[in-house]
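Remarks on the overall topology
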Amino acid sequence: PAGVAAPGINLRPGEPLEVWILNGEDTETYSSRIEDAHDDVVVIGTPMRKLDVVPVKVGTQLSLRVPREDALFVATARAEQVATTPLPMVHCKVAGPWKREQRRKSVRLPTNLLPTTVEVRVGEEQRSHPLHLTVKNLSTTGLLMVSRRQSLRLRTDLGPIADAKF
């Protein structure tokens with residue numbers, strides 16, 4: 001189906017969507033889908049939990065989360081109208097822009113580790129170098145190290161190698 005223009009995102013009728021109810025103590029994530037969208041109004045199917053309709057009252061604040069292949073698009077909305085027939089739907093007014101959140105294939109854990117030395121391989125040579133650095137995060141695919149200084153061996157004619165891989 002053709003996409004529907006909404007500020008910041010191209011919504012498609014029938015596209016799946018996650019709904020978080022922001023009022024109260026409900027912390028569940030509910031399934032829904034886009035029914036229609038125009039300007040700052042998004043019509044969604046009433047959220048479901050195990051094939052049961054989750055009641056949404058007018059005035060309820062919702063977080064609408066549209067999963068895409070490489071990102072999650074998120075917006076806060078207010079339930080403006082709730083219809084039960086012919087199909088249960090919620091007309092939502094989106095407050096503010098849709099925000100893109102990065103989705104990663106592997107989890108990334110923030111850290112603040114200060115190692116004393118690092119094993120560095122430059123060409124065929126492997127040596128321990130004292131580097132002043134901080135490990136900012138860890139993941140299953142690697143880690144992010146940030147250093148204010150670099151070894152003279154890791155410089156080029158153009159200056160320090162900003163993305164040297166260790």
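To start, this report covers the structure provided alongside it. Not measured: the values here are computed from a predicted model.

So, the overall build of the chain
Of the regular secondary structure elements, the chain holds 0 helices and 17 strands. Out of the 166 residues belonging to the chain, those deemed buried represent 33%. Contacts in the chain between residues far apart in sequence, at least 24 positions, make up 44% of those at least 6 positions apart. Within the structure as shown, the chain displays about 11300 Å² of accessible surface, and the carbon and sulfur contribution to it stands at 53%.

Considering the packing of aromatic side chains
Under the criterion given, the structure shown has 0 aromatic pairs. Its end group placed over the ring of Trp20, Arg65 keeps NZ or CZ at 3.8 Å from the ring centre.

A short note on the pairing of strand 4 (residues 29-38)
Bridge analysis of strand 3 (residues 16-21) against strand 4 gives 5 bridges, and the strand direction is antiparallel. The residue bridging Leu17 from the neighbouring strand is Ser32, located in strand 4. Between the antiparallel neighbours strand 4 and strand 5 (residues 41-45) lie 2 residues, among them Asp39 with a positive phi of about 50 degrees.

Let's talk about the environment of Arg12
Relative to the helices and strands, Arg12 is located in the loop between strand 2 (9-11) and strand 3. For Arg12, a relative accessible area of 32% gives the class partly exposed. In this structure the C-alpha to C-alpha distance between Arg12 and Glu35, which are 23 residues apart in sequence, comes to 8.1 Å.

Concerning unusual backbone geometry
Between Thr85 and the following residue, Pro86, the backbone shows a cis peptide bond with an omega angle of -5 degrees. Phi at Lys50 is positive, roughly 50 degrees, even though this residue is not glycine. As for its position among the elements, Lys50 is in the loop between strand 6 (48-49) and strand 7 (52-53). Judged by its relative accessible area of 77%, Lys50 is exposed. A positive phi angle, close to 65 degrees, is found at Leu51, a residue other than glycine. Mapped onto the elements, Leu51 comes out in the loop between strand 6 and strand 7. By relative accessible area, which is 77% here, Leu51 ends up exposed.

Here we look at a nonpolar patch on the surface
On the surface, a nonpolar cluster with roughly 340 Å² of combined accessible area is contributed by Leu109, Leu113, Leu138 and Leu143. Relative to the helices and strands, Leu138 is located in strand 14 (residues 133-139).

Brief notes about the nonpolar core
Residues Leu11, Val42, Ile44, Leu64 and Trp98 are the most contacted members of the largest nonpolar core, which totals 24 residues. Counting residues per element, the ones that place at least two in this core are strand 2, strand 3, strand 4, strand 5, strand 8 (61-67), strand 9 (71-83) and strand 10 (89-102). With 5 residues, strand 9 is the single largest residue contributor to this core. In this structure, Leu64 is in contact with Leu17, Glu18, Val19, Val42, Ile44, Phe73, Val74, Ala75, Ala77, Cys92 and Trp98, ignoring residues within four places of it in sequence.

Some details on the pattern of salt bridges
In total, this model carries 6 salt bridges according to the counting rule given. Between Glu80 and Arg78 there is a salt bridge; the shortest N-O distance is 2.9 Å. The partly exposed category is assigned to Glu80, whose relative accessible area is 37%. Each of the salt bridges in this network shares a partner with another, and the network as a whole consists of Arg12, Glu15 and Arg68.

So, how was this worked out
Residues numbered from 1 in each chain as written. Predicted model: local features only at pLDDT ≥ 70, side-chain atom pairs only at ≥ 80, totals over all residues. Heavy atoms only, no water. Helix = DSSP H or I, 4+ residues; strand = E, 2+ residues; numbered from the N terminus. Buried < 20%, exposed > 50% of the residue type's maximum accessible area, 1.4 Å probe, protein only. Contact = heavy atoms within 4.5 Å. Areas by Shrake-Rupley, 256 points an atom, 1.4 Å probe, with all protein chains shown as cover. Phe/Tyr/Trp six-rings, centres within 6.5 Å; stacked < 30°, edge-to-face > 60°. Lys NZ or Arg CZ within 6 Å of the ring centre and 35° of its normal. Pairing = 2+ DSSP bridges. Patch = residues over 30% accessible without salt bridge, like charges linked within 9 Å, V, L, I, M, F, W, Y side chains within 5 Å. Salt bridge = Lys/Arg side-chain N within 4 Å of Asp/Glu carboxyl O. Core = buried A, V, L, I, M, F, W, Y, C linked by side-chain atoms within 4.5 Å.

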